[in-house]
Amino acid sequence: MEVITVLHMNKGAGETSYAKNSTLQSKIISIAKPFVEEAILGNLCSDIPESLGIADLGCSSGPNALLVISKAIDIVHAKCVHMSRPAPEIRVYLNDLPSNDFNNIFMSLPDFHNKLKVEKGAGFGPCFVSGVPGSFYGRLFPSKSLHFVHSSSSLHWLSQVPSGLDSEAGITLNKGKLYISKTSPECVARAYADQFKRDFTLFLQSRSAEMVTGGRMVLSLMGRISGDPSAESAFLWELLSLALIAMASEGLVEETKVDSFNAPYYAPSTEELKWEITREGSFVLDYLETFEAGWDYFGCGEEYVQFSGQRVAKMVRAVVESMLESHFGGGILVVMDELFRRYADMVDDYLTKNRAKNILVVVSLTRKEAPRSP
Ligand SMILES: C[S@@+](CC[C@H](N)C(=O)[O-])C[C@H]1O[C@@H](n2cnc3c(N)ncnc32)[C@H](O)[C@@H]1O
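Just so it is clear, the structure is predicted and the values come from calculations on it, not from any experiment. (Residues numbered from 1 in each chain as written. Predicted model: local features only at pLDDT ≥ 70, side-chain atom pairs only at ≥ 80, totals over all residues. Heavy atoms only, no water.)

### What to know about the overall build of the protein
Helices and strands together make up the secondary structure of the protein, namely 10 helices and seven strands. Taking 374 residues into account, the globule formula puts the C-alpha radius of gyration at 21 Å, and the protein, at 21 Å, falls close to it. Principal-axis analysis of the C-alpha atoms places the extent of the protein at approximately 70 × 50 × 35 Å. Counting every position in the protein, which comprises 374 residues, the buried fraction comes to 57%. Across the protein, contacts joining residues at least 24 apart in sequence account for 83% of those joining residues at least 6 apart. Carbon and sulfur atoms provide 54% of the accessible area of the protein, an area that totals close to 16000 Å². (Helix = DSSP H or I, 4+ residues; strand = E, 2+ residues; numbered from the N terminus. Rg over C-alpha atoms; globule rule 2.2 N^0.38 Å. Buried < 20%, exposed > 50% of the residue type's maximum accessible area, 1.4 Å probe, protein only. Contact = heavy atoms within 4.5 Å. Areas by Shrake-Rupley, 256 points an atom, 1.4 Å probe, with all protein chains shown as cover.)

### With respect to the site of the ligand
As a matter of local geometry, the ligand sits amid 20 residues, with Tyr-18, Gly-58, Asn-64, Asp-96 and Phe-136 nearest to it. Within the side chain of Tyr-18, a nitrogen or oxygen atom sits 2.6 Å from an oxygen atom of the ligand. In the model, an oxygen atom of the ligand is placed 3.1 Å from a nitrogen or oxygen of the Ser-154 side chain. Relative to its free-state accessible area of 590 Å², the ligand is covered by the protein chains to the extent of 98%. Partitioned by chemical class, the residues of the shell around the ligand number nine nonpolar, 10 polar and one charged. (Near = heavy atom within 4 Å. Polar contact = N/O pair within 3.5 Å; in protein donor to acceptor, adjacent residues only side chain to side chain. Nonpolar A, V, L, I, M, F, W, Y, C, P; charged D, E, K, R; others polar.)

### Side note on the confidence of the model for the protein
Confidence in the prediction of the protein, expressed as mean pLDDT, is 87, and 94% of residues score 70 or more. Contacts for the low-pLDDT stretch residues 296–305, under 50 throughout, to residues beyond four places or in other chains number 24 contacts. (pLDDT = per-residue confidence, 0-100.)

### Observations concerning the pattern of salt bridges
Any two side chains of opposite charge can pair if their charged atoms end up close together. One pass over the structure, following the stated rule, counts 20 salt bridges. Close ionic contact of Asp-259 with Lys-175 constitutes a salt bridge, the shortest N to O distance being 3.0 Å. Here Lys-175 lies in the loop between β4 (146–152) and α5 (186–210) and Asp-259 lies in helix α7 (residues 255–260), a separation of 84 residues in the sequence. Residue Asp-259 is classed as buried on the basis of its relative accessible area of 10%. Arg-317 is paired through a salt bridge with Glu-321; the nearest N and O atoms lie 2.9 Å apart. Within this pair, Arg-317 and its partner Glu-321 are both found in helix α9 (residues 309–328), separated by four residues, close to a single helical turn. (Salt bridge = Lys/Arg side-chain N within 4 Å of Asp/Glu carboxyl O.)

### Some points on the nonpolar core
Judged by nonpolar contacts, the single largest core of 119 residues is most densely connected at Phe-203, Leu-244, Val-320, Leu-324 and Phe-340. Contacts of Val-320, omitting those with residues within four sequence positions, involve Trp-157, Trp-237, Leu-240 and Phe-340. (Core = buried A, V, L, I, M, F, W, Y, C linked by side-chain atoms within 4.5 Å.)

### So, the sheet that holds strand β6 (residues 283–293)
The seven strands lie next to each other as β3-β2-β1-β4-β5-β7-β6, forming an open sheet whose pairing is mixed. The open sheet terminates on both sides in strands that have one partner only, identified here as β3 (127–133) and β6. With strand direction ignored, the average angle separating the axes of adjacent strands in the sheet is 15°. Relative to strand β7 (residues 358–367), strand β5 (residues 211–223) runs antiparallel, the two sharing eight bridges. Paired with Met-217 across the strands is Leu-365, a residue of β7. In this fold α5 packs onto β1 (51–57), β4, β5, β6 and β7, with an angle of close to 150° to the strand it touches most, β5. (Pairing = 2+ DSSP bridges. Axes fitted to C-alpha atoms, helices over the stretch in contact; angles between N-to-C directions.)

### Overview of the packing of aromatic side chains
Aromatic ring pairs are described here by two measures, namely the spacing of the ring centres and the angle between the planes. All told, the structure shown has 17 aromatic pairs when counted by the stated rule. Aromatic pair Tyr-93 and Phe-141: ring centres 5.2 Å apart, planes at 45°, arrangement tilted. With Tyr-93 in strand β2 (residues 89–96) and Phe-141 in the loop between β3 and β4, this pair connects stretches of sequence that are 48 residues apart. Here Tyr-93 falls in the buried class, since its relative accessible area comes to 14%. When the centroid spacing of 5.5 Å and the interplanar angle of 40° are considered together, the rings of Phe-196 and Tyr-266 count as tilted. Here Phe-196, found in helix α5, pairs with Tyr-266, found in the loop between α7 and α8 (270–280); they are 70 residues apart in sequence, far enough to count as distant. (Phe/Tyr/Trp six-rings, centres within 6.5 Å; stacked < 30°, edge-to-face > 60°.)

### A few points about the packing of α5 against α8
Where α5 contacts α8, the two axes come as close as 10 Å, and the packing angle between them is 45°. As far as their axial angle goes, α8 and α5 are oblique. The handedness of the crossing between α5 and α8 comes out as right-handed. Within the contact between the two elements, α5 uses Ala-193, Phe-196, Lys-197, Phe-200, Thr-201, Leu-204, Gln-205 and Ser-208 and α8 uses Glu-272, Leu-273, Glu-276, Ile-277, Arg-279 and Glu-280. The class makeup of the residues in the contact of α5 with α8 is six nonpolar, three polar and five charged. (Parallel < 35°, antiparallel > 145°, perpendicular 65-115°, else oblique. Left-handed = near helix turned anticlockwise from the far one by under 90°.)

### Here's the deal with the environment of Gly-138
With respect to the helices, strands and loops of the structure, Gly-138 is situated in the loop between β3 and β4. For the pair Gly-138 and Ala-293, spaced 155 residues apart in sequence, the C-alpha separation works out to 30 Å. Setting aside chain neighbours within four positions, we find Gly-138 in contact with Leu-202, Ser-206, Arg-207 and Glu-210.

### Describing unusual backbone geometry
Within the chain, Ser-84 stands out as a residue other than glycine whose phi angle is a positive 50°. Mapped onto the secondary structure, Ser-84 falls in the loop between α3 (67–82) and β2. Ser-84 gets classed as exposed once you look at its relative accessible area, which sits at 68%. Even without being a glycine, Lys-144 presents a positive backbone phi close to 50°. Take Lys-144: it is sitting in the loop between β3 and β4. With a relative accessible area of 54%, Lys-144 lands in the exposed category.

Written out as structure tokens, the structure reads:
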């Protein structure tokens, strides 16, 4: 599977769209809000540049796409009012993979600009919004052009399915599983961890070149407290593989296709994240915090949301349907409703017996001063 060309959240605004099924991701954005606020204010405390570059990486489409950007602009505006100084021009870059529904975002821009004008007044500096299609595992922006970078619910997607999941004889090593499972051989977990390290290092190196010294970056992604990669959020993949295997046994999907599907996803441990940030060396780690996100509740206090099996299934479908279709072929579309009906029942059953945990990791970083060349 070519992740860069295949992966996209379900488009449009219909029943199965990401726009309609991204409540969990919007809760994640709200949990990371204080970190965003601290990072932007930290960035602006010494100086406010004439032209401020802000990027949201893996912005997707729907109501979440401009949420953090709007918040960032509010913070900059309030700070400028407080300092009685004119607001900078703001360059907003919305990045995602090329098959993302950028049109959906672009259609919402007139409202976005009107709202800015009404709320901030005509004196507020210009705000230039651009879509930047491409993989964040590589360069996307000119050198030293960004002051603040944000990414939410995106960095747990790998650039590719790890290599090394087949034996030399071409036998699938992770048979019947879509991700690292309790029964997966050790080499499967290693292949996933190695792919994550390569990807995350490339991500940090690319942002390091694109960000100004002192620039700030806030990343929220699914991760782990446990050292065991088959723990915590892995149960979502485990249940999806069980639903697919049950359908394969009834001839509704091809068993060999279930065996050969491996998700390009990895939830890193907090230790892995810290280690890779230190090893890459361009950023100071200001904060790394974890939040427990169950499926039957989410996070902190008032952020309580009831997630039934059906809601979880709709959210997972909006995210993984493009990959299932690419891997299994168009034939799976006929049984897609059935797959996610069964999946919803399995999630409900699981949630009645287990306290499902997802671990959200929020990382806040500052671009270090580049070492002077001798
Ligand atoms: C679950 S969505 C999160 C969207 C949005 N940030 C939110 O919080 O609702 C993950 C997004 O990351 C994007 N993505 C995954 N890998 C990417 C990559 N290598 N480069 C750019 N975007 C990527 C996906 O296409 C998808 O739109």
